[in-house]
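So the chains spell out like this:
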Amino acid sequence: MINTYQTSLAPPPVPPRSRSQPVLIPASLPSQGNNKVLVRFLVGVVVLHLFLSLAGFFYLYYHEHMEKHFPAEDRDGLPSSQKQEMDKQDTFYKALARMAVKQVEGKKTPGCLQWDTMHSVLRGINYYEQIWLTIPETGFYYVYSRVTFSKGDSTLPLASKVKLRKNEADKSIEDAMKAYCYLESTKNPHMCTAAQGDLILLEKGNQLSLWVQDLSLVDYEEGATSFGIYKL
């Protein structure tokens, strides 16, 4: 049997197709535990920096305090370990200089040697006008010099002198040390060395230089001529 039923109603509309939308997943916020770790780390860095600063301050204060109240002559009553530690600190901080000579060409006249600071050792001692060394504090200093001469007159002595003046403004200069050598008294008739060393009490601001009889006769090779100061 054929169904001949008809209707005048329109068919229902087709529903629209849904478009896929991206699903947004909210990012997780940092946990409270991570914030605590970061804060603890920063606090630890600040505390460590403060501790190191205080330790350095107390070390410098202790060294200065012990130096004032326990000079070298009053340390006999201290424990041996403390005396050794103080002696090591004194050795490290003591002023010293070992000067290498700077070659000067064409000067056949007496004068003070100039120093090559690039190859010299200076610690706590100032360098002034190429020839002078300034004493930083009053005390006993061991001063030494070694000057090698070559191609000079074998009949005349060749001299080197350590010059001393009170300060850079003082015009009076005195001889603190003297040394001589003769070319004819050495195995090499064309070379001799005038060496000297002595313990000198120097005051703060005193200046020392090394004078030679003839600048043109000085052997400028490394190790042949030098000048040094060491605080005891």
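Not measured: the values here are computed from a predicted model.

Novice: Give a description of the overall build of the protein that names residues and reports values.
Specialist: For the protein, the count of helices and strands is two helices and eleven strands. Listing the helices and strands of the protein from first to last along the sequence gives α-α-β-β-β-β-β-β-β-β-β-β-β. Sequence separation of 24 or more characterises 68% of the internal contacts of the protein that already satisfy a separation of 6 or more. Looking at the protein as shown, the accessible area adds up to about 16,900 Å², and 58% of this sits on carbon and sulfur atoms.

Novice: Residues and numbers for the environment of S160, please.
Specialist: Within the secondary structure, S160 is located in strand 7 (residues 158-165). You can call S160 buried: its relative accessible area is 0%. Each C-alpha atom of the pair S160 and C181 lies 8.9 Å from the other, and the pair is 21 residues apart in sequence. When residues no more than four places from it in sequence are discounted, the contact partners of S160 are S145, V147, M177, K178, A179, A194, Q196, W211 and V212.

Novice: Kindly report on the packing of aromatic side chains, identifying the contributing residues and their values.
Specialist: Within a pair of aromatic rings, the relevant descriptors are the distance that separates the centres and the angle that separates the planes. What the rule picks out here adds up to two aromatic pairs. Ring geometry for W115 against F227: centres 5.6 Å apart, planes inclined by 15°, an arrangement best described as stacked. Here the residue W115 occupies a position in strand 3 (residues 114-123), and F227 occupies one in strand 11 (residues 226-231), the gap between them amounting to 112 residues. With respect to burial, W115 and F227 carry one shared label: buried. Considering the side-chain rings of Y142 and Y144, the 6.4 Å spacing of their centres and the 25° angle between planes classify their relative orientation as stacked. Over the ring of W211 we find K163; its NZ or CZ atom is 5.4 Å from the centre of that ring.

Novice: Mind laying out the layout of surface pockets, listing which residues take part and the relevant values?
Specialist: Empty space within the second largest pocket amounts to approximately 180 Å³. Taken together, R98, M99, A100, V101, D116, H119, Y220, E221, E222, G223, T225 and S226 make up the lining of the second largest pocket. Going through the elements one at a time, strand 1 (96-102) and strand 3 are the ones with two or more residues in the lining of the second largest pocket. If you tally residues by element for the lining of the second largest pocket, the top one is strand 1, at four residues. In terms of residue class, the lining of the second largest pocket is built from four nonpolar, four polar and four charged.

Novice: Requested: an account of the pairing of strand 7, with residues and values cited.
Specialist: For strand 7, the buried fraction is high: eight of the eight residues fall into the buried class. Here strand 7 shows a buried face lined by L158, S160, V162 and L164 and a second buried face lined by A159, K161, K163 and R165. As paired elements, strand 7 and strand 10 (residues 207-212) share six bridges and run antiparallel to each other. Bridging across to strand 10, V162 finds its partner in L210.

Novice: Explain the side chain of N206 residue by residue, including any values.
Specialist: Tracing the sequence through the fold places N206 in the loop between strand 9 (191-202) and strand 10. Apart from residues no more than four positions distant in its own chain, N206 is found in contact with L133, T134, I135, L164, R165 and K166.

Novice: Outline the pattern of salt bridges, listing residues and values.
Specialist: Enumeration over the complete set of coordinates arrives at two salt bridges. A salt bridge links K161 to D175, with the shortest nitrogen-to-oxygen separation between them at 3.9 Å. In this pair, K161 is assigned in strand 7 and D175 in strand 8 (residues 174-181), connecting sequence segments 14 residues apart. What makes K161 buried here is its relative accessible area of 16%. Residues K163 and D175 are paired through a salt bridge, measuring 2.6 Å at the closest nitrogen-oxygen approach. Taken together, the residues span a long stretch of sequence, with K163 in strand 7 and D175 in strand 8 at a distance of twelve residues. What makes K163 buried here is its relative accessible area of 16%. D175 gets classed as partly exposed once you look at its relative accessible area, which sits at 31%. When salt bridges with common partners are traced through the structure, they connect K161, K163 and D175 into a single cluster.

Novice: Explain the nonpolar core residue by residue, including any values.
Specialist: In terms of nonpolar packing, the biggest core is built from 34 residues, with L113, V143, F149, L208, F227 and I229 touching the most fellow members. Mapped onto this core, the elements with two or more residues apiece are strand 1, strand 6 (139-150), strand 7, strand 8, strand 9, strand 10 and strand 11. Once you skip the residues sitting within four places of it in the chain, L208 turns out to touch I131, W132, L133, V143, V162, K163, L164, L202, F227 and I229.

Conventions adopted
- Residues numbered from 1 in each chain as written.
- Predicted model: local features only at pLDDT ≥ 70, side-chain atom pairs only at ≥ 80, totals over all residues.
- Heavy atoms only, no water.
- Helix = DSSP H or I, 4+ residues; strand = E, 2+ residues; numbered from the N terminus.
- Contact = heavy atoms within 4.5 Å.
- Areas by Shrake-Rupley, 256 points an atom, 1.4 Å probe, with all protein chains shown as cover.
- Buried < 20%, exposed > 50% of the residue type's maximum accessible area, 1.4 Å probe, protein only.
- Phe/Tyr/Trp six-rings, centres within 6.5 Å; stacked < 30°, edge-to-face > 60°.
- Lys NZ or Arg CZ within 6 Å of the ring centre and 35° of its normal.
- 1 Å grid on protein atoms, 1.4 Å probe; cavity = no way out; pocket = protein on both sides within 12 Å on 5 of 7 lines; lining within 4 Å.
- Points joined across faces, edges and corners; volume = space filled by probe spheres on them.
- Nonpolar A, V, L, I, M, F, W, Y, C, P; charged D, E, K, R; others polar.
- Pairing = 2+ DSSP bridges.
- Salt bridge = Lys/Arg side-chain N within 4 Å of Asp/Glu carboxyl O.
- Core = buried A, V, L, I, M, F, W, Y, C linked by side-chain atoms within 4.5 Å.

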